[in-house]
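Now for the letters of each chain:
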Amino acid sequence: MHGHSRLTPEMLLRAYAEGLFPMAERRDDPELYWVSPEQRGIIPLDAFHVPRRLARTVRADRFAVTGDLAFVEVMHACAAPAPGREQSWINAEILRLYTALHASNRAHSIECWRDGKLVGGLYGVALGGAFFGESMFSRETDASKVALVHLVGRLIAGGFTLLDTQFLTAHLARFGTIEIPRAEYLARLRRAIAVQAYWSAPSGSGASPSVSVESGDLTLTGAREATTGGAAGALVLQKITQTS
């Protein structure tokens, strides 16, 4: 693909509906290419596995967990160099397109906060009852894993039926991620995008923080939309257990 004007958010959604997603070779490469793996990674929502130690972390509410509160910041964090990951497939065009999808309520993020600072999170695209996980990051131990657990709780609560991870990695395998052939994936995708699902916090998840900028840091201050407060982690785990 060439040029910023040839690919629109609407075209991107149509591509997702056909089982395609875009990537860049490097963060400084202006071009994108389409990917459709022969073996597709998915997390069956009714078989999501939360390791015991992680479940204790989630239940303890170590992080304040929010939804759609810092989407752009999450994308930039996912694209930033990190130990063992100096390059990124997230370039300026990816940032432009997914920010536009977020503005139209098609792309979403989960954020983890610690002492008012963004320390982990993930983002992806929602289409019908399918959620396409794009990338995640962590600046503190378990932050991205906690974000994933809260994402799954939210997807289950909202009636989603497909969580696409694109690829199977050792990191994702511990949560029950499997690989399925492209044809089976496309069949599941067709069924999922016909479902009416809702991006909403699990019921009873409590109050929600918003952010202000103080000395360059994002700080929790008020109320918008979150999956934290009270026994948020316990509620999310309960929702997942009821479905598993």
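Our structure's up above, just so we're on the same page.
Cut-offs and rules
- Residues numbered from 1 in each chain as written.
- Predicted model: local features only at pLDDT ≥ 70, side-chain atom pairs only at ≥ 80, totals over all residues.
- Heavy atoms only, no water.
- Helix = DSSP H or I, 4+ residues; strand = E, 2+ residues; numbered from the N terminus.
- Pairing = 2+ DSSP bridges.
- Axes fitted to C-alpha atoms, helices over the stretch in contact; angles between N-to-C directions.
- Contact = heavy atoms within 4.5 Å.
- Core = buried A, V, L, I, M, F, W, Y, C linked by side-chain atoms within 4.5 Å.
- Buried < 20%, exposed > 50% of the residue type's maximum accessible area, 1.4 Å probe, protein only.
- Parallel < 35°, antiparallel > 145°, perpendicular 65-115°, else oblique.
- Nonpolar A, V, L, I, M, F, W, Y, C, P; charged D, E, K, R; others polar.
- Expected span 1.5 Å × (residues − 1).
- Polar contact = N/O pair within 3.5 Å; in protein donor to acceptor, adjacent residues only side chain to side chain.
- 1 Å grid on protein atoms, 1.4 Å probe; cavity = no way out; pocket = protein on both sides within 12 Å on 5 of 7 lines; lining within 4 Å.
- Points joined across faces, edges and corners; volume = space filled by probe spheres on them.
- Salt bridge = Lys/Arg side-chain N within 4 Å of Asp/Glu carboxyl O.

**Quick look at the environment of L69**
Piece 1. Assignment of secondary structure puts L69 in the loop between β4 (64-67) and α3 (71-79).
Piece 2. Sequence-wise, L69 and S109 are 40 residues apart; in three dimensions their C-alpha atoms are separated by 7.5 Å.

**A look at unusual backbone geometry**
Negative phi values dominate among residues other than glycine, just as trans dominates among peptide bonds.
Piece 1. Within the chain, D68 stands out as a residue other than glycine whose phi angle is a positive 60°.
Piece 2. When you line up the elements, D68 lands in the loop between β4 and α3.
Piece 3. Backbone geometry places Q166, a non-glycine residue, at a positive phi of 70°.
Piece 4. Structurally, Q166 is set in strand β8 (residues 162-166).

**Thoughts on the sheet that holds strand β5 (residues 107-114)**
Strand pairing in a sheet is mediated by backbone hydrogen bonds. Such pairs are either parallel or antiparallel.
Piece 1. One open sheet holds the 7 strands; their spatial order is β4-β5-β6-β7-β8-β3-β9, and the pairing between them is mixed. Looking at the sheet topology across the chains shown, the edges are occupied by β4 and β9 (178-181). Averaged over neighbouring strand pairs, the angle between their axes works out to 35° when direction is ignored.
Piece 2. Relative to β8, strand β3 (residues 39-42) is paired through 2 bridges, and the arrangement is antiparallel. Residue pairing across strands places I42 opposite D164, the latter belonging to β8.
Piece 3. Here helix α7 (residues 182-193) sits on the sheet in contact with β3, β6 (117-127), β7 (130-138), β8 and β9, set at roughly 100° to β9.

**Points about the nonpolar core**
The nonpolar side chains of a soluble globular protein tend to be buried with one another.
Piece 1. I90, Y98 and Y123 are the most contacted members of the largest nonpolar core, which has 40 residues in total.
Piece 2. Listed by contribution, the elements that provide at least two residues to this core are α1 (9-17), β1 (21-23), α3, α4 (92-103), β5, β6, β7 and α7.
Piece 3. A total of 6 residues in this core trace back to one element, the largest contributor, which is α3.
Piece 4. Once you skip the residues sitting within four places of it in the chain, I90 turns out to touch R27, M75, C78, A79, L95, Y123 and S135.
Piece 5. Residues L122, A143, I156 and L237 belong to the second largest nonpolar core, which totals 34 residues.

**Some remarks on the packing of helix α2 (residues 52-59) against helix α5 (residues 143-158)**
Piece 1. As a packed pair, α2 and α5 sit with axes 10 Å apart at the nearest point and diverge in direction by 80°. What the angle tells us is that α2 and α5 run roughly perpendicular. Residue-level inspection shows R53, L54, T57 and V58 of α2 in contact with α5, the latter providing K145, V146, V149 and H150.
Piece 2. Tallied by class, residues from the contact of α2 with α5 come to 4 nonpolar, 2 polar and 2 charged.

**A word on α4**
Piece 1. End to end, α4 covers 17 Å across 12 residues, agreeing with the expected 16 Å (1.5 Å per residue, within 8%).
Piece 2. Of all the positions in α4, only E93, I94, L95, L97, Y98 and L101 are classed as buried.
Piece 3. Where α4 is buried, its residues meet α1, β1, α3, β5, β6 and β7.
Piece 4. A distance of 3.2 Å separates the backbone nitrogen of E93 from a side-chain oxygen at the start of α4, and that oxygen is part of N91.

**Observations concerning the layout of surface pockets**
One water molecule sets the probe size; rolling that probe over the atoms shows where empty space is left.
Piece 1. Of the volumes computed, that of the second largest pocket is approximately 160 Å³.
Piece 2. Taken together, S104, N105, R106, H108, A126, L127, G128, F160, A197, Y198 and W199 form the lining of the second largest pocket.
Piece 3. For the lining of the second largest pocket, the per-class residue count stands at 6 nonpolar, 4 polar and 1 charged.

**As for the pattern of salt bridges**
Piece 1. Within this structure, the stated rule accounts for 7 salt bridges.
Piece 2. We note a salt bridge from E140 to R114, for which the minimum N-O separation is 3.7 Å. Of this pair, E140 sits in the loop between β7 and α5 while R114 sits in strand β5, and the two are 26 residues apart along the sequence.
Piece 3. Taking relative accessible area as the criterion, E140 reaches 29% and is therefore assigned partly exposed.
Piece 4. Take R114: its relative accessible area is 32%, and that puts it in the partly exposed class.
Piece 5. Among the ionic pairs, E184 bridges to R188, the shortest N-O distance being 2.8 Å. Placement of both E184 and R188 in helix α7 is noted, with a separation of 4 residues, approximately one turn of the helix.
Piece 6. According to the relative accessible area criterion, R188 is partly exposed, its value standing at 26%.
Piece 7. One salt-bridge network, held together by shared partners, links R53, D142 and K145.

Don't take any of this as a statement about function, it's just geometry.
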